[in-house]
Amino acid sequence: MKTGFLEEDTAYTGAQLRSGWIQEAGGLSGDAALAFLGPCDVAKEYMVDRVDLEAGARIASPLMLHVIVEHPGLDLGHITDRQRLLMALAGEILNHHLGEMLIRREGDDLYLRDRKLSVSVATVSPSSGLIHSGFNVRGEGAPVPAVGLEELGMQPREFAERLLDAYAEEIEGAAQAAAKVKSVG
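Residues numbered from 1 in each chain as written. Predicted model: local features only at pLDDT ≥ 70, side-chain atom pairs only at ≥ 80, totals over all residues. Heavy atoms only, no water.

As a further point, take helix α4 (residues 156-179). Here α4 contains 24 residues, and its C-alpha end-to-end distance of 35 Å stays within 8% of the 34 Å for a straight helix at 1.5 Å per residue. The complete set of buried residues in α4 reads Pro156, Phe159, Ala160, Leu163, Leu164, Tyr167, Ala168 and Ile171. Of the surrounding elements, those touching the buried residues of α4 are β1 (2-5), β2 (32-41), β3 (60-72), α3 (76-98) and β8 (128-136). (Helix = DSSP H or I, 4+ residues; strand = E, 2+ residues; numbered from the N terminus. Expected span 1.5 Å × (residues − 1). Buried < 20%, exposed > 50% of the residue type's maximum accessible area, 1.4 Å probe, protein only. Contact = heavy atoms within 4.5 Å.)

Written as structure tokens, this is what we have:
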């Protein structure tokens, strides 16, 4: 699995959640994940979470660390599993950094007590499974009570690198585990 970090700040609007964007923006193809910093304000036409869309929710933050993941050929069930794995790894990394279990995962979101740290969605295109996860850098300016990576003492770039490395290791390890067993029956 290929991973990278965009050096230039990029606003996330939801338009980036599509097949081929990682290759266009970061030169990574196939199973890939790309992180970048920038504001978040998801335009209504790009909102893929039906519950948020029907509720008129606003997905926005002045500055987030964004992670886009693309896995060619994955269906919605499998990419949702991968999304949960990504968010569980993010929570583990932060709790290890904090030295105690302060971050909790509820489905595909992370919280510190009642303050939200992240947004995340998984979807599919005709050719790929796609994930967007955004982590507040600062809590101020979000439409809900929020906490940011800086308040947790975590530098966004360091967190991104650790998360992408851990995720790629899990994906590669799962492929190796599947290759070493024989089928039964």
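Resuming the write-up.
Reading across the sheet, the 5 strands line up as β1-β2-β3-β8-β7 and stay open at both edges, with mixed pairing between neighbours. Each edge of the sheet is formed by a strand with only one pairing partner; in this case those strands are β1 and β7 (118-124). Across the sheet, the axes of successive neighbouring strands diverge by a mean angle of 20°, strand direction being ignored. Sheet topology places β3 next to β8; 9 bridges connect them, and they run antiparallel. In the sheet register, His71 faces β8, and the bridge partner there is Gly129. Docked against the sheet, α3 engages β3, β7 and β8, running at close to 160° with respect to β7. (Pairing = 2+ DSSP bridges. Axes fitted to C-alpha atoms, helices over the stretch in contact; angles between N-to-C directions.)

Within the secondary structure, Gln83 sits in helix α3. The class of Gln83 is buried, set by a relative accessible area of 2%. Discounting residues that sit within four places of it in the chain, Gln83 has contacts with Asp108, Ser120, Val121, Ala122 and Ile131. Of the polar contacts made by the side chain of Gln83, one reaches the side chain of Asp108; its length is 3.2 Å. (Polar contact = N/O pair within 3.5 Å; in protein donor to acceptor, adjacent residues only side chain to side chain.)

A few words on the packing of aromatic side chains. Enumeration according to the criterion identifies 2 aromatic pairs in this entry. Plain terms: the ring middles of Trp21 and Phe36 are 5.4 Å apart, the flat faces sit at 50° to each other, and that makes the pair tilted. Residue Trp21 is located in helix α1 (residues 21-26), and its partner Phe36 is located in strand β2; the two are separated by 15 residues in the primary sequence. A relative accessible area of 9% places Trp21 in the buried class. Judged by centre distance (5.1 Å) and plane angle (80°), the rings of Phe135 and Phe159 are edge-to-face. Taken together, the residues span a long stretch of sequence, with Phe135 in strand β8 and Phe159 in helix α4 at a distance of 24 residues. Judged on exposure class, the residue Phe135 and its partner Phe159 are both buried. (Phe/Tyr/Trp six-rings, centres within 6.5 Å; stacked < 30°, edge-to-face > 60°.)

Here we come to α3. Across its 23 residues, α3 extends 33 Å between first and last C-alpha, which sits within 8% of the 33 Å expected from 1.5 Å per residue. What α3 keeps buried is the set Ile79, Gln83, Leu86, Met87, Leu89, Ala90, Gly91, Ile93, Leu94 and Asn95. Check the buried side of α3 and you find it contacts β3, β4 (103-106), β5 (109-112), β7, β8 and α4. A positive backbone phi angle near 80° is found at Gly99, which sits one or two residues after α3.

With respect to the helices, strands and loops of the structure, Glu70 is situated in strand β3. It is Arg18 that comes nearest to the buried, bridge-free Glu70 among opposite-charge side chains, at 8.1 Å. Within the local environment of Glu70, its side chain forms a polar contact with the backbone nitrogen of Gly20, the two atoms lying 3.2 Å apart. Setting aside residues no more than four positions away along its own chain, Glu70 makes contact with Arg18, Ser19, Gly20, Ile22, Gly30, Asp31, Ala32, Ser128, Gly129 and Leu130. (Lys, Arg positive; Asp, Glu negative; His and termini not counted. Salt bridge = Lys/Arg side-chain N within 4 Å of Asp/Glu carboxyl O.)

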